[in-house]
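The chain contents come next:
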Amino acid sequence: MDRRVGFIGLGIMGKPMALNLIKAGFEVTVYNRTASKTESLVSQGAKKAKSPREVAEETTVVITMVSDTPDVESVILGKNGVIEGVKPDSVVIDMSTISPEATRRIASRLKEKGAHMLDAPVSGGEQGAIEGTLSIMVGGDAEIFERCQPIFQAMGKNIIHVGQNGMGQTVKLINQILAAGTLNAVAEALLFAQKSGVNLEKAIEAVKGGAASSWQLINLAPRIIKRDFRPGFMIDLMQKDLNLVMRTADEMKVPLPATSLIHQMYYSLQCAGECKIGTQDLVKALERLSGVQVGK
Ligand code: NAP
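Keep in mind the model is a prediction, meaning the values are calculated, not measured.

## Re the overall build of the protein
Moving on, step 1. Regarding its fold elements, the protein presents 15 helices and 9 strands.
Moving on, step 2. For 296 residues, the compact-globule estimate of 2.2 N^0.38 gives 19 Å, and the protein sits close to it at 20 Å.
Moving on, step 3. With the C-alpha coordinates aligned to their principal axes, the bounding extent of the protein is approximately 60 × 45 × 35 Å.
Moving on, step 4. Looking at the protein as a whole, 50% of its 296 residues qualify as buried.
Moving on, step 5. Residue pairs at least 24 apart in sequence account for 66% of intrachain contacts in the protein once pairs closer than 6 positions are excluded.
Moving on, step 6. Summed over its atoms, the accessible surface of the protein is roughly 13700 Å², and 55% of this surface lies on carbon and sulfur atoms.
Moving on, step 7. With 34 positive and 31 negative side-chain charges, the protein shows a separation of 4 Å between the mean positions of the two kinds.

## What to know about the packing of helix α10 (residues 167–196) against helix α13 (residues 235–252)
Moving on, step 1. Close contact between α10 and α13 brings their axes to 10 Å; oriented N to C, the two are set at 115 degrees. Overall, the two elements α10 and α13 adopt an arrangement that is roughly perpendicular. For the element pair α10 and α13, the recorded crossing hand is left-handed. On α13, the residues that touch K172, L173, Q176, I177 and A180 of α10 are M238, D241, L242, L244, V245 and T248.
Moving on, step 2. Residue composition of the contact of α10 with α13, by class: 7 nonpolar, 2 polar and 2 charged.

## Things to note about the pattern of salt bridges
Moving on, step 1. Counted according to the given criterion, the structure contains 14 salt bridges.
Moving on, step 2. With its nearest N and O atoms 3.2 Å apart, the salt bridge here joins R105 to E73. Here R105 is found in helix α6 (residues 100–112), whereas its partner E73 is found in helix α4 (residues 69–77), with 32 residues between them in sequence.
Moving on, step 3. One salt bridge connects D228 with R230, and the closest N-O pair in it is separated by 2.9 Å.
Moving on, step 4. By relative accessible area, which is 19% here, D228 ends up buried.
Moving on, step 5. When salt bridges with common partners are traced through the structure, they connect R53, E57 and E84 into a single cluster.

## Side note on the environment of V5
Moving on, step 1. Locating V5 in the fold gives a position in strand β1 (residues 4–8).
Moving on, step 2. In contact with V5, not counting residues within four places along its chain, are L21, F26, E27, V28, T29, T59, V61, I63 and I151.

## Regarding the nonpolar core
Moving on, step 1. Core analysis: the largest hydrophobic core is formed by 35 residues, its most contacted members being F7, M17, L21, I93, M95 and F152.
Moving on, step 2. In terms of residue count, helix α1 (residues 14–23) provides more of this core than any other element does, 5 residues in total.
Moving on, step 3. Ignoring sequence-local partners within four residues, the contact set of M95 consists of M17, I63, T64, M65, A120, P121, V122, I136, F152 and M155.
Moving on, step 4. With 28 residues, the next largest nonpolar core counts A193, I225, F229 and A285 among its residues.

## Some details on the packing of α10 against helix α14 (residues 257–271)
Helix-helix packing: each pair is described by the crossing angle between the helix axes and the interaxial distance.
Moving on, step 1. Where α10 meets α14, the closest approach of the two axes is 10 Å, and the angle between their N-to-C directions is 70 degrees. Here α14 runs roughly perpendicular to α10, going by the angle between their axes. When α10 is examined against α14, the residues I177, A180, G181, L183 and N184 are found in contact with a partner set consisting of T259, I262, M265 and Y266.
Moving on, step 2. Of the residues contributing to the contact of α10 with α14, the split by class is 6 nonpolar, 3 polar and no charged.

## A few points about the pairing of strand β5 (residues 91–94)
Moving on, step 1. Burial along β5 is two-sided: the residues V91 and I93 and V92 and D94 are all buried.
Moving on, step 2. When strand β4 (residues 61–64) meets β5, the two strands line up parallel, connected through 4 bridges. Paired with V61 across the bridge in β5 is V91.
Moving on, step 3. Examined bridge by bridge, β5 and strand β6 (residues 116–119) share 4 bridges and lie parallel to one another. Each bridged residue has a counterpart across the sheet, and for V92 the counterpart in β6 is M117.
Moving on, step 4. As a crossover connection, the stretch from β5 through α6 into β6 is right-handed.

## Description of the packing of aromatic side chains
Moving on, step 1. Scanning the model with the defined rule gives 1 aromatic pair in all.
Moving on, step 2. The ring of F26 carries R3 above its face, with NZ or CZ at 4.0 Å from the centroid.
Moving on, step 3. Here the guanidinium or amino end of K284 rests over the ring plane of F229, the centre of that ring lying 4.1 Å away.

## Quick look at the site of the ligand
Moving on, step 1. The environment of the ligand is made up of 25 residues, and the closest members are N32, T34, K37, S67 and K240.
Moving on, step 2. With respect to the ligand, the backbone of M13 contributes an N or O atom lying 2.9 Å from an oxygen atom.
Moving on, step 3. Separating an oxygen atom of the ligand from a side-chain N or O atom of N32 is a distance of 2.6 Å.
Moving on, step 4. Against a free-state accessible area of 900 Å², the protein chains account for coverage of 90% of the ligand.
Moving on, step 5. Going through the elements one at a time, α4, α7 (125–131) and α13 are the ones with two or more residues in the shell around the ligand.
Moving on, step 6. When the residues that make up the shell around the ligand are grouped by side-chain class, the tally is 10 nonpolar, 9 polar and 6 charged.

Parameters at a glance
- Residues numbered from 1 in each chain as written.
- Predicted model: local features only at pLDDT ≥ 70, side-chain atom pairs only at ≥ 80, totals over all residues.
- Heavy atoms only, no water.
- Helix = DSSP H or I, 4+ residues; strand = E, 2+ residues; numbered from the N terminus.
- Rg over C-alpha atoms; globule rule 2.2 N^0.38 Å.
- Buried < 20%, exposed > 50% of the residue type's maximum accessible area, 1.4 Å probe, protein only.
- Contact = heavy atoms within 4.5 Å.
- Areas by Shrake-Rupley, 256 points an atom, 1.4 Å probe, with all protein chains shown as cover.
- Lys, Arg positive; Asp, Glu negative; His and termini not counted.
- Charge placed at Lys NZ, Arg CZ, Asp CG, Glu CD.
- Axes fitted to C-alpha atoms, helices over the stretch in contact; angles between N-to-C directions.
- Parallel < 35°, antiparallel > 145°, perpendicular 65-115°, else oblique.
- Left-handed = near helix turned anticlockwise from the far one by under 90°.
- Nonpolar A, V, L, I, M, F, W, Y, C, P; charged D, E, K, R; others polar.
- Salt bridge = Lys/Arg side-chain N within 4 Å of Asp/Glu carboxyl O.
- Core = buried A, V, L, I, M, F, W, Y, C linked by side-chain atoms within 4.5 Å.
- Pairing = 2+ DSSP bridges.
- Right-handed = clockwise from strand over helix to strand, strands pointing away.
- Phe/Tyr/Trp six-rings, centres within 6.5 Å; stacked < 30°, edge-to-face > 60°.
- Lys NZ or Arg CZ within 6 Å of the ring centre and 35° of its normal.
- Near = heavy atom within 4 Å.
- Polar contact = N/O pair within 3.5 Å; in protein donor to acceptor, adjacent residues only side chain to side chain.

Here it is, written out as structure tokens:
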């Protein structure tokens with residue numbers, strides 16, 4: 001396969017993902033809106049492009065990893081966007097988490113240019129992006145998915161084709177229902193543990209090998225105990241995802257009472273200005289209800 005891959009969006013997730021492509025031997029051309037963020041990748045062998053359009057002109061596979069639906073629309077469909085430089089039979093892989101419905105619209109615009117799209121959102125956090133162990137849920141043509149397997153394998157481990165365009169994003173929303181609910185359970189359990197007087201580290205050690213274990217427990221409980229609220233995944237991004245979940249659930253007429261409550265708790269944190277903080281900050285919304293503070 002052609003080893004030239006473009007990467008647009010070098011944030012918390014995009015930068016380590018692009019680095020893993022370089023390490024796997026791909027010739028990577030990068031673009032980031034804030035140009036200074038390309039420097040460390042350029043020093044490791046990446047080429048720098050001046051626009052998403054130039055990325056598409058230089059490569060046959062373009063990956064986007066930006067924040068929200070309007071941002072993906074802007075870098076793909078906007079002025080100097082990917083669509084202006086994309087070649088017939090090229091592939092655009094959007095790995096951001098965005099609206100399934102907008103994904104289908106973007107895919108059909110790219111199809112008019114003879115290009116293919118895969119929606120391939122990820123799970124596994126910053127650590128998974130650094131270690132190349134992301135879970136990747138992919139929507140789009142099965143044949144195009146197979147063509148792009150070497151690219152996915154450079155960034156992830158559990159790589160599953162789940163259906164046509166939009167279905168990757170739908171599965172990512174399912175992932176977020178699970179992640180938000182589990183993190184809420186971790187935060188409540190820690191508050192309960194704190195008030196009971198038990199040693200928090202020992203309590204986590206004791207339960208993490210059993211049926212209550214989870215990624216959220218293993219990765220975020222230790223940070224909550226140390227009161228480390230730096231973002232792996234920001235509250236604003238979680239709320240973007242829970243907004244998509246609640247809107248889609250509403251359209252399908254599926255009540256999600258617990259997810260809706262967690263969405264409101266995150267909203268209370270946003271109202272308090274806690275927007276760019278890690279999702280483990282959810283514990284603070286619960287602390288304000290109970291007057292108990294977890295950890296040191
Ligand atoms: P981030 O650190 O905030 O990075 C966002 C990136 O998107 C930056 O490179 C930013 O450019 C770029 N960007 C945003 N809007 C843009 C626009 N309109 N035009 C051009 N570039 C734009 O976010 P992140 O944590 O890497 O998340 C990226 C995506 O992955 C999101 O959809 C998120 O939901 C998803 N995700 C995140 C995690 C996680 O744990 N962090 C896990 C799974 C999935 P600038 O540098 O110029 O701001």
